[in-house]
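One-letter residues, chain by chain:
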Amino acid sequence: MSDTRDAAGELRRRGFLRGAALGVGTVGAVAGAGAATAALTGPSAHAATPAPAATPVAAQDAPFHGEHQAGIIRPVQQATAFLAFDVTAADRRELTELLHTVTDRARFLTAGGTPQALGITAPPSDSGTLGPQVPRDGLSVTVGAGASLFDDRFGLKDRKPLRLKAMPAFEDDDLDPAWCHGDLSLQLSAPHQDTVLHALRDIARHTRGGMQVRWRLDGFTSPPRPSGTPRNHLGFKDGTGNPDVGDPATAGKLLWVGDGAEPAWTTGGTYQVVRLIRMLVEFWDRVSITEQERMFGRAKDTGAPLDGSREFDTPQFAQDPMGDVIPLDSHIRKANPRTADTAGSRLLRRGYNYDRGMDGNGNLDVGLIFVCYQQDLERQFETVQKRLAGEPLVDYITPFGGGYFFALPGVRDRGDWLGRSLLA
Amino acid sequence: MSAESDTEPASPAAAPEPEPIAEADGEPGGIAAASPTTRSLTRRRVAPAAGAVVAVAAAVTAAVLAGGGGGHGGDSADGKGATATQAADGLPHTAIDVSTGGCGRGWGHPHAGTQVFDLHNSGSAASEVYLSDPKSGKLYGELEGLAPGTTRQMLVDLGSGTYAFKCLPEDTDAVTGPSVTVPGHQPQGAATLPVTQHDLIPPTLAYQQWIGARMGDLARGTGTLKADIDRGDLAAAKRDWLSAHLVYERMGAAYGTFGDADGAINGTAARTPGAVDDASFAGFHRVEYGLWHGQPAAALKAPAAELDKNVGALRDGWSQARMDPAEMGLRAHEIIENTEQFELTGRTDYGSGTNLATARANLDGTREILSLLRPLLTPRDPALPRLDSAVERLQHDLDAAGHGDAWTPLDRLGRAQREQINADTGDLLEQLAPVAAIFDVRRTA
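So, here is what we can say about the structure in this document. (Residues numbered from 1 in each chain as written. Chains lettered and ligands numbered in written order. Predicted model: local features only at pLDDT ≥ 70, side-chain atom pairs only at ≥ 80, totals over all residues. Heavy atoms only, no water.)

Some points on the overall build of chain A
Link 1 in the chain: When helices and strands are counted, chain A shows nine helices and 11 strands.
Link 2 in the chain: Looking at chain A as a whole, 57% of its 424 residues qualify as buried.
Link 3 in the chain: Sequence separation of 24 or more characterises 74% of the internal contacts of chain A that already satisfy a separation of 6 or more.
Link 4 in the chain: As presented, chain A carries roughly 16500 Å² of accessible surface, and 53% of it is formed by carbon and sulfur atoms. (Helix = DSSP H or I, 4+ residues; strand = E, 2+ residues; numbered from the N terminus. Buried < 20%, exposed > 50% of the residue type's maximum accessible area, 1.4 Å probe, protein only. Contact = heavy atoms within 4.5 Å. Areas by Shrake-Rupley, 256 points an atom, 1.4 Å probe, with all protein chains shown as cover.)

In structure tokens form, the structure reads like this:
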């Protein structure tokens, strides 16, 4: 496998990139309904697709290039695929090629355009499932590194992010090793499932030799029912209490890594936790509404805290020290006690519902792909998780997989690539 | 896929009846001729319809083409659509005439970059269209079976250089249009030299001979297996079953030519309960099932004798077989597709746990056909070194699962080892797919 450089000095036709199938140009946003855009537009022309009214679900385009990966801050989209990969690249050079290839494909797929014409030399460079021109369609591609990437294989031992480790089993977990961990994480999110699957097919095609899927779970976000935050399979609004990471000060305190203790290459990245949580919905449906609401601490219909009347009312735990209104062991009270001491443990949730068929006992196999981002795994996710241990809700959910990853710093420009600061 | 060879211009919907190809018997070297654009060969060895009986392979090929081929029946509609949506793809379009008198007419403002030619056949016969470099003969684009009166698109990526359209109407000599120069200093897009049927005759003959030489080994192998079972030595039978089966699995590129015999020698049983006990389940896997499921020698005598008899018939008939040259490129790719689909899933395992040994034998077969195609491939595929290293890597990682006659069963592979073999196989397949594309047999005159 030899790298060749084209006139522009960019790596092309590298190891895992058989067709060097970089697409051509950028077709104007086709994401929005009726966007009959014709002209070629440059990569900077991020024709903003208007977000559908009354939905907090993302439909805006986010630029691929930036200090951070675009899919982290971005609100959840309608469709997602979350995958963990094991790297099969033989050495550091091949790992570098792999991440170059993933970057090239992500850059093309998120921009859209005409797939490369390969003439008679090869099968078509694109699957064509999105039509002859690939629409940008709001796709985001988010890549993370697991602790196992920092073992002996690639000489990265001394570069492991400070807090990164294999996800431990928590008290109420029933982890299946086949659904845990991985060298790399990849999340593809878009307004449409075909866009997600097209991107997955494309990236897999170009990286078969370099990485193999360890596990994969597809997810979706429900529309607001009838308004506000989308609901999970338990019928409750999920994600109401997220910190406002659009505020740079909040994001700097809770989200982005960049302080002195971490390896310098991690600046601009963040810790990603994914938990695959089965929900026992048949059992749940056999529980009274009062019990359900007291487990969450919120009203099922409006999503309001039990001491409020609207979804975004702030619960006043201090005025209810005995938990007469919102039980002390309710989910919202354990997860975020809203005290000065616990403010630093807040995290950014980006979860998706999943549905993967039936279980052997005849029950629906559905649940939550819980994804969250934070600056510090221990101060945030693990602290919250420990507070939640033994909460009444655990009888109705079974965490069975997931992992800890470090979401890589963003790709700053056309010359940059995912993992450059780690590997270069 | 093309319907060029057998579709009436006036009725682009594929004709159901096979039309024998005129020159089928006239080719030198005892090779079955196929349509120059034949690509819809039976691409599966396990498919029940794989029965391209040896002597009539070409005719059957034509039938498959007609029935399943290009789906060009909607050409007219597509043509109109192309005009209407011209601007929607954001690419420059140029209308080009395809006809004997005006081949390539319309290319007034040549420019570099990704672009679309809207090819309109104003002639009276279906035509193939190539965009070539008239000096090097490399092709930058092709369109097969452009029906009269229709317009279809050719997407190309052009750099600076000289190009000409070539129109090849059915049953008529090729016509090359005017040479057109794209100015500037832009790098050229993907292109390669076409492969003709004539080019493929020597490697096809050599491959037929190589298979012929393996036939003796195969017949000896099944004979030994039969003898083991006849004398009740099932331990020896297990060992000799594997070596005989691997001889067969190395002959991977020939299954299309073996036709129905392949089903009798190496077929599998349905997944339904009891299918393994059905009398129609025969061949290597039937014997494997018995040997690894505690069946007594007496129960295996008949299946082993039948296998040996069928192998003997295959060997005796091989001198009369004619391989279709168009199969060479396809098989170079598809042996490993079959490996991935049937061996790496364990679908063909009937108890021996030797799928990885089979995969390794299939890789040997791929290596053989690639070595015969290499003189043609070297000038045509700049990624050949990548392909070679992918072959080496898969071989290395498969060998790690073999210990003499003992092969790690699929379900005993550790996760990392399994992922590595999957990665190697997937990567190799991505490298092999262009080989089939390049060896799609093309007319040049």
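Let's talk about the side chain of Thr192 of chain B
Residues and elements named next belong to chain B.
Link 1 in the chain: With respect to the secondary-structure elements, Thr192 resides in the loop between strand E8 (180–182) and helix H3 (197–230).
Link 2 in the chain: Residue Thr192 is classed as buried on the basis of its relative accessible area of 1%.
Link 3 in the chain: From its side chain, Thr192 meets the backbone oxygen of Arg380 in a polar contact 2.9 Å long. (Polar contact = N/O pair within 3.5 Å; in protein donor to acceptor, adjacent residues only side chain to side chain.)

Points about the interface of chain A and chain B
Link 1 in the chain: Contact residues are listed per partner, giving 34 residues for chain A and 36 residues for chain B.
Link 2 in the chain: Carbon and sulfur atoms supply 56% of the area buried between chain A and chain B, which totals about 2800 Å² over both sides.
Link 3 in the chain: In this assembly, chain A and chain B are joined by four residue pairs in polar contact (both at pLDDT 80 or more).
Link 4 in the chain: In terms of residue count, strand E6 (residues 211–220) of chain A provides more of the side of chain A that touches chain B than any other element does, three residues in total.
Link 5 in the chain: For the side of chain A that touches chain B, the class distribution of residues is 16 nonpolar, 10 polar and eight charged. (Buried area = accessible area lost by both parts, 1.4 Å probe. Nonpolar A, V, L, I, M, F, W, Y, C, P; charged D, E, K, R; others polar.)

So, the pairing of strand E4 (residues 140–146) of chain A
Residue and element names in this part refer to chain A.
Link 1 in the chain: Counted residue by residue, E4 has seven buried out of seven residues, so it is predominantly covered.
Link 2 in the chain: Bridge analysis of E4 against strand E5 (residues 184–190) gives six bridges, and the strand direction is antiparallel. When the bridges of E5 are listed, Val141 appears paired with Leu188. (Pairing = 2+ DSSP bridges.)

Overview of the environment of Leu109 of chain A
Link 1 in the chain: Mapped onto the fold, Leu109 of chain A is located in helix H2 (residues 92–111).
Link 2 in the chain: Note: C-alpha distance between Leu109 of chain A and Asp202 of chain A (93 residues apart in sequence) is 8.5 Å.

Brief notes about the sheet that holds strand E1 (residues 93–98) of chain B
Residue and element names in this part refer to chain B.
Link 1 in the chain: On the basis of which strands lie adjacent, the open sheet formed by three strands has the order E1-E2-E5 and mixed pairing. With partners counted over all chains shown, the strands left at the sheet margins are E1 and strand E5 (151–158), one partner each. Sheet twist, expressed as the mean angle between neighbouring strand axes with direction ignored, is 30°. (Axes fitted to C-alpha atoms, helices over the stretch in contact; angles between N-to-C directions.)

Here we look at the packing of helix H11 (residues 384–399) of chain B against helix H12 (residues 415–438) of chain B
Helix-helix packing is described using two parameters, namely the angle between the two axes and the distance between the axes.
Residue and element names in this part refer to chain B.
Link 1 in the chain: Look at H11 against H12: their axes get within 9 Å of each other, and the N-to-C directions meet at 150°. Classified by the angle their axes make, H11 and H12 are roughly antiparallel. Between H11 and H12 the crossing geometry is left-handed. In this structure, H11 contributes Arg386, Leu387, Ala390, Val391, Arg393, Leu394, Asp397 and Leu398 to the contact, and H12 contributes Gln420, Ile421, Asp424, Thr425, Asp427, Leu428, Gln431, Leu432 and Val435.
Link 2 in the chain: Its residues assigned to classes, the contact of H11 with H12 shows nine nonpolar, three polar and five charged. (Parallel < 35°, antiparallel > 145°, perpendicular 65-115°, else oblique. Left-handed = near helix turned anticlockwise from the far one by under 90°.)

Here we look at the state of the cysteines
All names here are of chain B.
Link 1 in the chain: A full pass over the atoms with the stated rule returns one disulfide over all chains.
Link 2 in the chain: Note that Cys103 is cross-linked by a disulfide to Cys167, the S-S spacing being 2.0 Å. Across the S-S bond linking Cys103 and Cys167, the dihedral sits near 90°, which makes this disulfide right-handed. Here Cys103, found in the loop between E1 and strand E2 (113–121), pairs with Cys167, found in strand E6 (residues 161–169); they are 64 residues apart in sequence, far enough to count as distant. (Disulfide = S-S within 2.5 Å.)

Some details on the environment of Leu364 of chain A
Residue and element names in this part refer to chain A.
Link 1 in the chain: Here Leu364 lies in strand E10 (residues 364–374).
Link 2 in the chain: It is 9.7 Å that separates the C-alpha atoms of Leu364 and Arg278, two residues lying 86 residues apart in sequence.
Link 3 in the chain: When sequence neighbours within four positions are dropped, the list of residues in contact with Leu364 reads Arg278, Val281, Glu282, Gly357 and Met358.

Points about helix H7 (residues 284–291) of chain B
Residues and elements named next belong to chain B.
Link 1 in the chain: Taken across its eight residues, H7 has eight buried, putting it largely inside the fold.
Link 2 in the chain: Among all positions in H7, only Phe284, His285, Arg286, Val287, Glu288, Tyr289, Gly290 and Leu291 are buried.
Link 3 in the chain: Tucked into the core, H7 has its buried residues touching H3, helix H4 (234–250), helix H6 (260–266) and helix H8 (297–317).

Structural notes on the packing of H3 of chain B against helix H10 (residues 355–377) of chain B
Residues and elements named next belong to chain B.
Link 1 in the chain: Direction vectors running N to C along H3 and H10 enclose 160°, while the axes themselves pass 10 Å from each other. Classified by the angle their axes make, H3 and H10 are roughly antiparallel. You can see that H3 and H10 cross each other, and the crossing is right-handed. Of H10, the residues touching H3 (which contributes Asp199, Leu200, Pro203, Ala206, Tyr207 and Trp210) are Glu368, Ile369, Leu372, Leu373 and Leu376.
Link 2 in the chain: Counted by class, the contact of H3 with H10 contains nine nonpolar, no polar and two charged residues.

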